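For reference, the chains in residue letters:
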Amino acid sequence: MALLETKEITKSYGDHHVLKGIDFTIEPGEVVAVIGPSGGGKSTFLRCLNLLETPSSGHVVFDGEDLLAPKVDLDRLRSRMGMVFQQFNLFPNMTALKNIMLPQMDVLKLSKKDAEARAMELLEKVNMTHRAHVYPNRLSGGQKQRIAIARAVAMNPKVMLFDEPTSALDPEVVHDVLDVMAGLAADGMTMVVVTHEMGFARKVADRVVFIDGGKIAADLPPEEFFSEANTNPRIRSFLEKVL
Ligand SMILES: Nc1ncnc2c1ncn2[C@@H]1O[C@H](COP(=O)(O)OP(=O)(O)OP(=O)(O)O)[C@@H](O)[C@H]1O
């Protein structure tokens, strides 16, 4: 059974029809890269998956539950969907370690000791043990993003949603973050990643979803997607711009 599924979702702002009927599924353990031209609706689509945006019509089904059904416990379901944003969103008045500990204590009700042990494990996983006691304003963008990823992973999500996680970073640290994401993929994390990083789409993703003009215009394994450029002018023109 699909872990996460959308059925014919649309999203309009007034008479601006941003998503025009998106059917999408992801199985447990899959990594999907969502790419496409600017303004095509990628971020809007991603934000509809955990209802940060409410679709205008259609359904979003996560772990067998319709997120748009009346009386659904959205907070409970959302807590199982990690989200990583372009702009980190760390708590500025807490160290890296505390940033990772707090949601575990608040939401998962872990003891301080258990939350700290788990946070230290994750700091090691994202190669940030040496920055555990540093506040966000002393961290580089790449370091902040690795802490944001560790914080999301600490919640034991069933799926992680990434919205252009490397777009705000200096080029020299992009690979540190992509390496952490590739490590998560190798560990079997289910991931939907809106990205402009074609190397990630090609090497790490199981499928590439190309969103163009509010629709999924291609949903293919990476090798097939990148060879479609030979025959599909929209994909060719997009790849010519980003590569
Ligand atoms: N809250 C909003 N109100 C009105 N229009 C919006 C809103 N959010 C997004 N849009 C519009 O929806 C369209 C799609 O935006 P979206 O951010 O989803 O595209 P994108 O494919 O992620 O683009 P990019 O690669 O540039 O980030 C854009 O025209 C944008 O202006």
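To be clear, the structure that these remarks concern was listed above.
Residues numbered from 1 in each chain as written. Predicted model: local features only at pLDDT ≥ 70, side-chain atom pairs only at ≥ 80, totals over all residues. Heavy atoms only, no water.

**Description of the pairing of strand E8 (residues 191–194)**
A two-sided burial pattern is seen for E8, the buried positions comprising Met 191 and Val 193 on one face and Val 192 and Val 194 on the other. The pairing of strand E3 (residues 31–35) with E8 spans four bridges and is classified as parallel. Looking across to E8, one finds that Val 32 is bridged to Val 192. Two strands pair when backbone bridges link them, and strand E7 (residues 159–163) and E8 are joined in this way by four bridges, in the parallel orientation. Counted as the bridge partner of Asp 163 is Val 194 from E8. Assessed by its sense of winding, the connection that carries the chain from E7 through helix H6 (residues 171–186) to E8 is right-handed. (Buried < 20%, exposed > 50% of the residue type's maximum accessible area, 1.4 Å probe, protein only. Helix = DSSP H or I, 4+ residues; strand = E, 2+ residues; numbered from the N terminus. Pairing = 2+ DSSP bridges. Right-handed = clockwise from strand over helix to strand, strands pointing away.)

**Overview of the layout of surface pockets**
Once rolled over the atoms, a probe with the size of a water molecule shows which space is left empty. Put simply, the largest pocket is a space of about 570 Å³. Lining the largest pocket are 20 residues; nearest its centre among them are Arg 78, Met 81, Gly 82, Met 83 and Met 155. Broken down by secondary-structure element, the contributors of at least two residues to the lining of the largest pocket are helix H2 (74–78), strand E6 (81–84) and helix H5 (141–153). With four residues, the top contributor of residues to the lining of the largest pocket is E6. Broken down by class, the residue content of the lining of the largest pocket amounts to 13 nonpolar, four polar and three charged. (1 Å grid on protein atoms, 1.4 Å probe; cavity = no way out; pocket = protein on both sides within 12 Å on 5 of 7 lines; lining within 4 Å. Points joined across faces, edges and corners; volume = space filled by probe spheres on them. Nonpolar A, V, L, I, M, F, W, Y, C, P; charged D, E, K, R; others polar.)

**A closer look at the environment of Leu 139**
One can find Leu 139 in the loop between helix H4 (112–125) and H5. Sequence separation between Leu 139 and Ala 96 is 43 residues, and the spatial gap between their C-alpha atoms is 8.9 Å. Aside from chain neighbours lying at most four places away, what touches Leu 139 is Met 128, Arg 131, Val 134, Lys 144 and Ile 147. (Contact = heavy atoms within 4.5 Å.)

**Quick look at helix H9 (residues 233–242)**
Count 3.6 residues to each turn of an α-helix, and residues three or four apart come out pointing the same way. Taken together, the buried positions of H9 are occupied by Ile 235, Phe 238 and Leu 239. Each buried residue of H9 sits inside an arc of 95° when the element is viewed along its axis, so together they form one side. Within H9, the exposed residues directed more than 90 degrees away from the buried face are Pro 233, Glu 240 and Lys 241. Considering only its buried residues, H9 is in contact with E3, helix H7 (198–203), strand E9 (207–212), strand E10 (215–220) and helix H8 (222–228). (Arc of directions from axis to C-beta.)

Geometric descriptors of this kind do not, in isolation, establish any biological role.
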